[in-house]
Amino acid sequence: MGEKLLMSGNEVIAEAAIRAGCRFYFGYPITPQTEIAHYLAKRMPEAGGTFLQAESEIAAINMVYGASAAGARAMTSSSSPGISLKQECISYLAGAELPAVIVNIVRCGPGLGGILPAQCDYFQAVKGGGHGDYKMVVLAPCSVQELYELTVEAFNIADRYRVTVMIMGDGILGQMMEIVEFRDEEEIFNADKSWALTGTGMKRENNFITSIYINPEVLEAHNRKLQQKYREIERNECRVEVYNCENADVIVAAFGTVARIVKNVIKQAEREGIKVGLIRPITLWPFPNEAFLKYAQVPRAFLTVELNAGQMLEDVKLALNGANKTYFYGRMGGMIPAQKEILDEIKKIMEK
Amino acid sequence: MAYNFKEVARKPERFTGGHRMCAGCGAPVVIRQILRALKPEDHAVISAATGCLEVSTFLYPYSAWKDSFIHSAFENAAATISGAEAAYNGMRRRGKLDQEGETKFIAFGGDGGTYDIGIQALSGAMERGHDMVYVCYDNGAYMNTGIQRSSATPMFADTTTSPVGRESQGKNQRKKDLTEIMVNHHIPYVAQTAAIGNLKDLYEKAEKAIYTKGPAFLNVLAPCPRGWRYEASDLMQINKLAVDTCFWPLYEVVEGKYTVNYKPKNKLPVVEFLKAQGRFRHLFKKGNEELLDMIQKEVDRRWERLLSLEASN
């Protein structure tokens, strides 16, 4: 392994993008992710890349559309209200099958909400915040190291399938400083981008990138093709961490920041004689249904813990399909559950 | 009635103390004075774009605003106030309002929320002709999120997204001329002003803007001690230098007719304005004389153009 550095999550996302070969970043200020832009404003010129600050989030994502259409690895980042503004273009990116990486350092909503950590954009990211039948891959890291590794991976997945990949964190992950160990060299998926708009040089037929298909038969075929691609992603790209689930009394489902807290709860519960497991989806879409099915009968019940009112909960229920009981515990508005709160919920389930 | 600073200052405050704007910030000085131009019996509906002003003056239930206040998001202060004004007119038409005094509609936005992300909503509101005033307090960067460049940032200023370093001498682009963009909407009243001296220019323009029927636009310089890097106590001096160097000319355009309200007897070189601020410090390193020269030429060009517009009325 390569150098070890102490860095904040936002800086690591930015550095990882450079290491993944991203040379085009289009940003716009919004707390708590602006450090990504600060870092890349300095670092991109050094790496021979382009940093552009757009006049709005809408402009930034459309710049990604333009750069991606030209075959470049491009990224934008924002936080919840800004991601809402980007939704139109995210749908267009999906329709036009353009690879792109979008970072959402989620803050609590709705509306202006606040700037504190939350996971309330789960539905928007996973179920499709824009219009139309589309999916994007959603990666949910839980440490600075994972922010690094998954950011690199995000570019590979985006290029491999010509899809949008979202990295979803929160202010805790973005602002927190941890040790990150960089690899000497990244594995970069070398995509065939012969579809890109690079100029024909009068030597080939012109390429065409679009999301408009006025003929309904053609548009249905296009949609079927997209769906086929999404099924392939579901088969190949599911990532999950299963921890301590053998013989567990209760299995907790949690992602991102919350999963870190749950790991401490597991230790505490063990001291009190309760065996708690954790299923941590690393890809929120595709959702790791199989991990849930595998352990469906093991615990007395499942408990989903999130920083929202119960969003991933719905996917946990769909995955279990009635095979076991499911409970939920959530905090909102930037409140973070203490270990004791989660342990108390587990104890309540044990008493049922 | 001639402007009397003491009398104006004695008017009840409509923008009160206790807000959380920084010491040495230009914006609250500007806001207080603009609101003093309202007749005491008149009401105001204030809309603000997301920004320093909004987050520091309105965290419900705490508010520094004595008047009604509405905020929705970053890009749409002008649209939000348009809706409020339209609703007010509709209710008045149907005889549902029986209050005394007039109700005035005033939107405030920083340069990020006005020059950049809010320009679409602003342009729409001005063109539709709502009876409102839009005030841009221009501090030349996104100060609320930590000093990122905007299209109002002056050339060569150091910001966190136009950082000075080996590859960069700060922001590489010229400052957008929003006042002229608004003039070209051919609305009844457009003015550019700043808080200098006894704040007469600011007050009189605010009064005209508020009491001119139809849409009006004010572009007001609002220095930022953190972003511009000056001592809090230097605020008024910085304002004065901006005007005396003609970096920020005071002028107004009434029904298309230009008036330059202040022509410094002794037009100072722009370096006097630049050297008072840390964001331009790198320009005074040896070898950067050319950059200073570029800034001076640009200031001169815009000033001469303005004078010729006035002359050709």
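Residues numbered from 1 in each chain as written. Chains lettered and ligands numbered in written order. Predicted model: local features only at pLDDT ≥ 70, side-chain atom pairs only at ≥ 80, totals over all residues. Heavy atoms only, no water.

What follows covers the overall build of chain B. When its secondary structure is counted, chain B shows twelve helices and twelve strands. A globule of 313 residues ought to have a C-alpha radius of gyration of about 20 Å, and chain B, at 19 Å, matches this closely. For chain B, the C-alpha atoms occupy an extent of roughly 70 × 45 × 40 Å along the three principal directions. The buried share of chain B, taken over its 313 residues, is 57%. Taking all contacts inside chain B whose residues are at least 6 apart in sequence as the whole, residues at least 24 apart take part in 71%. Working note: accessible area of chain B is about 13800 Å², and carbon and sulfur atoms make up 52% of it. Averaging the coordinates of the 41 positive side-chain charges in chain B and doing the same for the 36 negative ones gives two points 2 Å apart. (Helix = DSSP H or I, 4+ residues; strand = E, 2+ residues; numbered from the N terminus. Rg over C-alpha atoms; globule rule 2.2 N^0.38 Å. Buried < 20%, exposed > 50% of the residue type's maximum accessible area, 1.4 Å probe, protein only. Contact = heavy atoms within 4.5 Å. Areas by Shrake-Rupley, 256 points an atom, 1.4 Å probe, with all protein chains shown as cover. Lys, Arg positive; Asp, Glu negative; His and termini not counted. Charge placed at Lys NZ, Arg CZ, Asp CG, Glu CD.)

Let us look at the overall build of chain A. In terms of helices and strands, chain A carries twelve helices and 14 strands. Its C-alpha atoms give chain A a radius of gyration of 21 Å, near enough to 20 Å, the size a compact globule of 352 residues would have. Looking at chain A as a whole, 57% of its 352 residues qualify as buried. Expressed as a percentage of contacts within chain A between residues at least 6 apart in sequence, the contacts between residues at least 24 apart total 80%. Just so you have it, chain A exposes about 14500 Å², and 51% of that area is on carbon and sulfur atoms.

Residue and element names in this part refer to chain B. Strand order in the open sheet formed by eight strands is β4-β1-β5-β6-β10-β9-β11-β12, with mixed pairing between adjacent strands. Each having just a single partner strand, β4 (68-70) and β12 (257-260) make up the two edges of the open sheet. With strand direction ignored, the average angle separating the axes of adjacent strands in the sheet is 15°. Sheet analysis places strand β5 (residues 103-110) next to strand β6 (residues 133-138), joined by five bridges and oriented parallel. Within β6, the residue paired with Ile106 across the bridge is Val133. Packed onto the sheet, helix α4 (residues 77-93) meets β1 (43-48), β4, β5 and β6 and runs at close to 170° relative to β5. Strand contacts of helix α8 (residues 200-211): β5, β6, β9 (189-193), β10 (216-221) and β11 (251-254), with the helix running at about 160° to β9, the strand carrying the most contacts. (Pairing = 2+ DSSP bridges. Axes fitted to C-alpha atoms, helices over the stretch in contact; angles between N-to-C directions.)

Next up on the list: the interface of chain B and chain A. In this assembly, 18 residues from chain B lie in contact with 18 residues from chain A. With both sides pooled, the region where chain B packs onto chain A buries about 1300 Å², and carbon together with sulfur makes up 64% of that total. Taken as a group, Ile117(B), Thr145(B) and Thr161(B) account for 31% of the area that chain B buries against chain A, more than any other trio of residues on that side. On the surface where chain B and chain A come into contact, there are one salt bridge. A salt bridge links Glu46(A) to Arg166(B); the nearest nitrogen and oxygen atoms lie 3.8 Å apart. Where chain B touches chain A, the interface holds six residue pairs in polar contact (both at pLDDT 80 or more). (Buried area = accessible area lost by both parts, 1.4 Å probe. Salt bridge = Lys/Arg side-chain N within 4 Å of Asp/Glu carboxyl O. Polar contact = N/O pair within 3.5 Å; in protein donor to acceptor, adjacent residues only side chain to side chain.)

Turning to the layout of surface pockets, a few remarks are in order. Any empty space left between the atoms is revealed when a probe the size of a water molecule rolls over them. Each pocket or cavity is described by its volume, and for the second largest pocket that value is around 630 Å³. Phe51(A), Thr161(B), Ser162(B), Ser168(B) and Gly170(B) are the residues nearest the centre of the second largest pocket, which is lined by 27 residues in total. Of all the elements in the fold, those that place two or more residues in the lining of the second largest pocket are α2 (34-46) and β3 (50-53) of chain A together with β7 (164-165) and β8 (168-169) of chain B. Examining the composition of the lining of the second largest pocket, we find that four residues originate from one element, α2(A), more than from any other. (1 Å grid on protein atoms, 1.4 Å probe; cavity = no way out; pocket = protein on both sides within 12 Å on 5 of 7 lines; lining within 4 Å. Points joined across faces, edges and corners; volume = space filled by probe spheres on them.)

What follows is about the domain arrangement of chain A. Residue and element names in this part refer to chain A. Its domain assignment divides chain A into domain 1 (4-236) and domain 2 (241-351). Spacing between the C-alpha centres of domain 1 and domain 2 amounts to 28 Å. Taken residue by residue, the interface counts 31 residues in domain 1 and 24 residues in domain 2. Carbon and sulfur atoms supply 59% of the area that domain 1 and domain 2 bury against each other, a total of about 2400 Å² over both sides. (Domains from an automatic or database assignment.)

On to the packing of helix α9 (residues 257-271) of chain A against helix α12 (residues 339-351) of chain A. For any two helices packed against each other, one specifies the inter-axial angle together with the distance between the axes. All names here are of chain A. The contact between α9 and α12 brings their axes to 9 Å, and the two run at 60°. On the basis of their axis angle, the class for α9 and α12 is oblique. Between α9 and α12 lies a crossing whose hand is right-handed. For the pair α9 and α12, the contacting residues are Ile261, Val262, Asn264, Val265, Gln268 and Ala269 in the first and Gln339, Ile342, Leu343 and Ile346 in the second. Here the contact of α9 with α12 is built from residues that sort into seven nonpolar, three polar and no charged. (Parallel < 35°, antiparallel > 145°, perpendicular 65-115°, else oblique. Left-handed = near helix turned anticlockwise from the far one by under 90°. Nonpolar A, V, L, I, M, F, W, Y, C, P; charged D, E, K, R; others polar.)

Here the focus is the side chain of Ser56(B). Residue and element names in this part refer to chain B. Structurally, Ser56 can be placed in helix α3 (residues 52-57). Ser56 gets classed as buried once you look at its relative accessible area, which sits at 15%. Ignoring anything within four residues of it in the chain, the contact list for Ser56 reads His19, Arg20 and Met21.

Turning next to the pattern of salt bridges. Residue and element names in this part refer to chain B. Counting across every chain of the model gives 43 salt bridges over all chains. Its salt-bridge partner being Lys175, residue Asp138 comes within 2.7 Å of it at the nearest N-O pair. Note that Asp138 is positioned in strand β6 and Lys175 in the loop between β8 and α7 (178-183), a separation of 37 residues in sequence. Given the relative accessible area of 15%, Lys175 is considered buried.

With that settled, the discussion passes to the sheet that holds strand β12 (residues 283-285) of chain A. Pairing between the strands of a sheet comes from backbone hydrogen bonds, and it takes one of two forms, parallel or antiparallel. All names here are of chain A. The sheet built from seven strands is open, its strands ordered β3-β2-β4-β5-β7-β6-β12 with mixed pairing. The open sheet has two edge strands, β3 and β12, and neither has a second partner. Strand-to-strand twist of the sheet, defined as the mean angle between neighbouring strand axes without regard to direction, takes the value 20°. Pairing analysis gives three bridges linking strand β6 (residues 137-139) to strand β7 (residues 164-170), with the strands arranged parallel. Considered in β7, the bridge of Val137 is made with Val165. Seen against the sheet, helix α3 (residues 57-69) touches β2 (24-27), β3, β4 (74-78) and β5 (100-106) and runs at an angle of roughly 165° to β4.

Turning our eyes to something else, we now look at the packing of aromatic side chains. Two aromatic rings are characterised by how far apart their centres lie and by the angle between their planes. Applying the stated criterion to the full structure yields 22 aromatic pairs over all chains. Measuring from centroid to centroid gives 4.8 Å for Phe15(B) and Trp65(B), while their planes differ by 65°, and the two rings are edge-to-face. A residue pair is termed long-range when its members are at least 10 positions apart, and Phe15(B) in the loop between α1 (5-10) and α2 (26-36) and Trp65(B) in the loop between β3 (62-63) and β4 qualify at 50 residues. By the burial criterion, Phe15(B) is buried, and Trp65(B) matches it. Over the face of the ring belonging to Phe182(A) we find Arg19(A), whose NZ or CZ atom lies 4.0 Å from the ring centre. Sitting over the ring of Trp195(A), Arg162(A) keeps its end group 4.2 Å from the ring centre. (Phe/Tyr/Trp six-rings, centres within 6.5 Å; stacked < 30°, edge-to-face > 60°. Lys NZ or Arg CZ within 6 Å of the ring centre and 35° of its normal.)

What follows covers empty space enclosed by the protein. All names here are of chain A. On inspection of all chains with the given rule, the structure shows four cavities of 30 Å³ or more. Lining the largest cavity are Val106, Ala118, Gln119, Ala140, Pro141, Met168, Gly169, Asp170, Leu173, Phe255, Gly256 and Thr257. A per-element tally of the lining of the largest cavity places β7 first, with three residues. Classifying every residue of the lining of the largest cavity gives seven nonpolar, four polar and one charged. Both of domain 1 (4-236) and domain 2 (241-351) provide at least three residues apiece to the lining of the largest cavity.

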